[in-house]
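# Coordinate analysis (summary)
So you can see what is in the structure, the chains are spelled out below.
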Amino acid sequence: MREAYDKLLSGNKKWSEEKLKQDPDFFKNLTLGQHPEHLWIGCSDSRVPANEITNTKSGEIFVHRNIANMVVHTDFNLMSVLYYAVEVLHVKHIIVCGHYGCGGVAAAMTNKDHGFVNNWLRNIKEVYHKHRTELEAIADLKQRENRLVELNVIEQVQNLGKTRIVQNAWKKQELQVHGWVYGFNNGLITDLHVMMDETNDVQPIFRYEL
Ligand code: CO
């Protein structure tokens, strides 16, 4: 048990030494501040680390992760991250990145009781319910789950477009919202091509007079 814990600290030491070897100013530069151009909204899953799978460095991506990369408008944590990323950091891209084999999505497709997590998974069940005709036409359960992963990402991209924060940004700055899905089978990201920007098609009822 202790070993698993110590591994992180010794790993950090080694990493810091290597970084300094590659670039003696690496940490000095980090102290100067951050100017990330991307906000990443991803799954908490340990196999989907934003920087690692996009081959980016510290300082390049502002990150928020939760179970199944959800954008829930009553989530003050996500909304604070979104506000800061857009209003202060002026990120140019928001990326919702889901992944095939997502445990949260798989759990939401069942009727199993997941205790407290039911409250969170409920949001994914709503996505399922909205698209149940399409989903239930897919006989293969794995394929159905994969499609729900995609539909869930698309839904979260649209949820971002429904926020005042994003709509307000579209009035004054460049901001694109993208939907991606990552696959463990080959390590590749698929762009779902559901990009939203100031020329968006947010449903009228969700538009604010800003
Ligand atoms: Co997941």
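Sequence order sets the numbering: in each chain, residues are counted from 1 along the sequence as written. Thresholds applied to this predicted model are a pLDDT of at least 70 for local features of residues and 80 or more for the giving and counting of side-chain atom pairs; totals over whole chains, interfaces and linings are not thresholded and use all residues. To get the side-chain values, take all heavy atoms of the structure and skip hydrogens and water.

### Observations concerning the overall build of the protein chain
Each helix is a run of DSSP H or I of at least 4 residues and each strand a run of E of at least 2, with the numbering of both proceeding from the N terminus. Counting its regular elements, the protein chain contains nine helices and five strands. Listed by position from the N terminus, the elements making up the protein chain come as α-α-β-α-β-α-β-α-α-α-α-α-β-β. Expressed as lengths along the three principal axes of its C-alpha atoms, the size of the protein chain is roughly 55 × 50 × 30 Å. Evaluated residue by residue, the protein chain yields a buried proportion of 39% over its 210 residues. A separation of at least 24 residues holds for 63% of the contacts in the protein chain among residues at least 6 apart in sequence. Just so you know, the count uses Lys and Arg for positive and Asp and Glu for negative, and it drops His and the chain ends. A charge is said to be at NZ when it belongs to Lys, at CZ for Arg, at CG for Asp and at CD for Glu. Both charge centroids of the protein chain, one from 24 positive and one from 26 negative side chains, sit 3 Å from each other. When accessible area is computed with a 1.4 Å probe and restricted to protein chains, residues below 20% of their type maximum are described as buried, those above 50% as exposed, and intermediate ones as partly exposed. Any two residues whose heavy atoms approach within 4.5 Å are treated as being in contact.

### Some remarks on the state of the cysteines
One covalent bond between the sulfur atoms of two cysteine residues makes up a disulfide. The definition used for a disulfide is geometric: two cysteine sulfur atoms within 2.5 Å. Under the defined criterion, the tally for this structure stands at zero disulfides. Distance from the sulfur of Cys97, which forms no disulfide, to the nearest cysteine sulfur (Cys43) is 9.5 Å. Using a relative accessible area of 1% as the deciding quantity, one classes Cys97 as buried.

### What to know about a nonpolar patch on the surface
Patches in this entry comprise residues that are over 30% relatively accessible and not in a salt bridge; like charges within 9 Å are linked, as are nonpolar side chains (Val, Leu, Ile, Met, Phe, Trp, Tyr) within 5 Å. Using a 1.4 Å probe, accessible areas were evaluated by the Shrake-Rupley method; residue-level cover was limited to the displayed protein chains. For salt bridges, the criterion is a side-chain nitrogen of Lys or Arg within 4 Å of an Asp or Glu carboxyl oxygen. Together, Tyr5, Leu8 and Leu9 make up a nonpolar patch on the protein surface, roughly 360 Å² of accessible area in all. We classify Leu9 as exposed; its relative accessible area is 52%.

### Quick notes on unusual backbone geometry
Positive phi outside glycine occurs at Asn55, with the angle close to 55 degrees. The topology assignment puts Asn55 in the loop between helix H3 (50–54) and strand E2 (61–66). Even without being a glycine, Ala68 presents a positive backbone phi close to 65 degrees. Here Ala68 is to be found in the loop between E2 and helix H4 (76–88). Exposure remark for Ala68: the relative accessible area of 1% places this residue in the buried category.

### Things to note about the domain arrangement of the protein chain
A common measure of how large an interface is: the accessible area buried when the components associate. For the protein chain, the assigned domains are domain 1 (1–33) and domain 2 (34–206). Each of domain 1 and domain 2 has a C-alpha centre, and these two points are 30 Å apart. A domain assignment, automatic or from a database, supplies the domain bounds used here.

### With respect to the sheet that holds strand E3 (residues 93–99)
Where strands meet in a sheet, backbone hydrogen bonds hold them as pairs that are either parallel or antiparallel. Reading across from one edge, E2-E1-E3-E4-E5 is the order of the five strands in this open sheet, with mixed pairing throughout. The sheet is open, and its two edges are formed by E2 and strand E5 (189–191), each paired on a single side. On average, adjacent strands in this sheet sit at an angle of 25 degrees to one another, irrespective of strand direction. In this scheme, strands are said to pair when DSSP sees at least two bridges between them. Note that strand E1 (residues 38–43) and E3 share five bridges and pair parallel. The residue bridging Leu39 from the neighbouring strand is Ile94, located in E3. For every element, the axis is a line fit to its C-alpha atoms; helices are fit only across the contacting stretch, and the angle between N-to-C directions ranges from 0 to 180 degrees. Those strands touched by H4 are E1, E2 and E3, and its axis lies near 170 degrees from that of E2. Running at roughly 165 degrees to strand E4 (residues 176–182), helix H8 (residues 141–161) makes contact with E1, E3 and E4 of the sheet.

### Re the side chain of Lys19
As for its placement among the helices and strands, Lys19 is situated in helix H1 (residues 2–22). An unpaired buried charge is present at Lys19: no salt bridge exists, and Glu18, the closest side chain of opposite charge, is 7.2 Å distant.

### Here we look at the environment of Ala106
Mapping Ala106 onto the fold places it in helix H5 (residues 103–108). Judged by relative accessible area, Ala106 falls into the partly exposed class, the value being 24%. The spacing of Ala106 and Val86 is 20 residues in sequence and 31 Å in space, taken between C-alpha atoms.

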